[in-house]
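Notes for the structure review
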Amino acid sequence: METLRKIAPPLVAFAVILGFWEWLVWYKGWPTYKMAAPSDLWPAFWKFRHLFLTMGWDTLWRTVAGLMLAVAFGTVLGMLMGFSRLLRDALYPVLVGFNAIPKATVVPVIALIFVGQHDFNTVLIAFMISFFPIAVSVSIGLSTLEPEYRDILRALGASPLTIFRKIALPKTLPEFFGALKVAVTLAFIGTNLMEIVEPHGRGLGALFDSGKINADYPLMFAVLLALAVLGIALFYVVVVLERIFAGWADRTAG
């Protein structure tokens, strides 16, 4: 019953959105070459089912690879900035400036520099677009530690590693998982930007581009829906990990 109570609201929301979408296309009388209705998507899924499976896997694994690199790099960078005010003051403006650059302008540059290296290009842009929130969240979490707790453990003879494990890590985990939820969606955006821009690319972005070239709107919207499903699935993987490792921080339970 508890599980039903949790999954019912989003399912109802999806049903309402899809119903309104279907009604709007019907009411406006839009043909499929102008706007696809939800009822047009399943035939597109079935027609290109093998491409959805293979290209969906290409998109998923490259997104996850880029995200894992972003977690590793962002966590280390955030720790360095969190524990060192000098590094934080030096690197923050650089990171903010880098993040302010529209990644859509970086994608063609990366594609030209590493011509033909589809997997590397895609993982790289997914990493570049998603590490920033992780680094900032870890940095903020560590830099705002209460010094009293740290001083008490030092007075009791605790090592820096013990202080990090007992105070810094628990303090940072809620912020870290909050940033990771944002990074998941950003990584998908980066992956698909590269898949769409890069010639002869693979993945759902390339399938979307094929639909655009052929004016196949049902295929284009089916790709968008598939991307949304993958993003939601990966988001809830992060939610499960958050409940395992930082469930104690949830104040909304019940």
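Up top you'll find the structure we're talking about.
Presented here is a report on the structure given in the accompanying data block. Worth saying up front: this structure is predicted, and the values here are computed from it rather than measured.

Some words on the overall build of the chain
For the chain, the helix and strand inventory stands at ten helices and zero strands. Counting helices and strands in the order they occur from the N terminus, the chain gives α-α-α-α-α-α-α-α-α-α. Overall, the C-alpha framework of the chain stretches about 75 × 55 × 30 Å when taken along its three principal axes. A buried classification covers 39% of the 254 residues belonging to the chain. Within the chain, contacts between residues at least 6 apart in sequence are counted, and of these 75% link residues at least 24 apart. As displayed, the chain has an accessible area near 14,600 Å², and 73% of this comes from carbon and sulfur atoms. Averaging the coordinates of the 20 positive side-chain charges in the chain and doing the same for the 16 negative ones gives two points 3 Å apart.

Thoughts on the packing of aromatic side chains
This structure, assessed with the given rule, holds twelve aromatic pairs. Ring centres of Phe73 and Phe127 lie 5.5 Å apart, and the angle between their planes is 75°; on these two criteria the pair is classed as edge-to-face. Remark: Phe127 occurs in helix α6 (residues 118-143) and Phe73 occurs in helix α3 (residues 49-83); sequence separation between them is 54 residues. Residue Phe127 is classed as buried on the basis of its relative accessible area, which comes to 16%. Here Phe235 and Tyr236 contribute two aromatic rings whose centre-to-centre distance is 5.4 Å and whose plane-to-plane angle is 85°, an arrangement assigned as edge-to-face. A network of ring pairs unites the aromatic residues Phe73, Phe98, Phe127 and Phe131 as a single cluster. Between the NZ or CZ atom of Lys103 and the centre of the ring of Phe98, over which it lies, the distance is 4.8 Å.

A word on the nonpolar core
Counting residues in each nonpolar core, the largest one holds 57 residues, and the members touching the most others are Phe52, Leu204 and Val223. Looking at this core, the elements with two or more residues in it are α1 (2-28), α2 (38-47), α3, α5 (103-113), α6, α8 (160-197), α9 (204-213) and α10 (217-246). Take this core: its biggest share by element is twelve residues, from α6. Those residues in contact with Val223, other than ones at most four positions away along the chain, are Phe52, Leu204, Leu207 and Phe208.

Looking at the pattern of salt bridges
By the definition in use, this model includes seven salt bridges. Where Asp58 meets Arg202, a salt bridge forms, and the shortest distance between an N and an O atom there is 3.7 Å. Of this pair, Asp58 sits in helix α3 while Arg202 sits in the loop between α8 and α9; the two residues are 144 residues apart in sequence, bridging distant segments of the chain. Take Arg202: its relative accessible area is 32%, and that puts it in the partly exposed class. Two residues, Asp89 and Arg85, come together in a salt bridge whose shortest N-O distance is 3.8 Å. Of this pair, Asp89 and Arg85 both sit in helix α4 (residues 85-100), separated by four residues, roughly a single helical turn.

Thoughts on unusual backbone geometry
A positive phi angle is found at Ala215, which is not glycine, with a value near 55°. Within the secondary structure, Ala215 is located in the loop between α9 and α10.

Concerning the side chain of Thr122
Here Thr122 lies in helix α6. With a relative accessible area of 1%, Thr122 lands in the buried category. At 2.7 Å, the side chain of Thr122 and the backbone oxygen of His118 are in polar contact. Not counting the four nearest positions on each side in its chain, Thr122 is found in contact with Arg62, Thr191, Met194, Glu195 and Glu198.

Definitions and limits used
- Residues numbered from 1 in each chain as written.
- Predicted model: local features only at pLDDT ≥ 70, side-chain atom pairs only at ≥ 80, totals over all residues.
- Heavy atoms only, no water.
- Helix = DSSP H or I, 4+ residues; strand = E, 2+ residues; numbered from the N terminus.
- Buried < 20%, exposed > 50% of the residue type's maximum accessible area, 1.4 Å probe, protein only.
- Contact = heavy atoms within 4.5 Å.
- Areas by Shrake-Rupley, 256 points an atom, 1.4 Å probe, with all protein chains shown as cover.
- Lys, Arg positive; Asp, Glu negative; His and termini not counted.
- Charge placed at Lys NZ, Arg CZ, Asp CG, Glu CD.
- Phe/Tyr/Trp six-rings, centres within 6.5 Å; stacked < 30°, edge-to-face > 60°.
- Lys NZ or Arg CZ within 6 Å of the ring centre and 35° of its normal.
- Core = buried A, V, L, I, M, F, W, Y, C linked by side-chain atoms within 4.5 Å.
- Salt bridge = Lys/Arg side-chain N within 4 Å of Asp/Glu carboxyl O.
- Polar contact = N/O pair within 3.5 Å; in protein donor to acceptor, adjacent residues only side chain to side chain.

Such coordinate-based values are descriptive only and should not be taken to indicate function.
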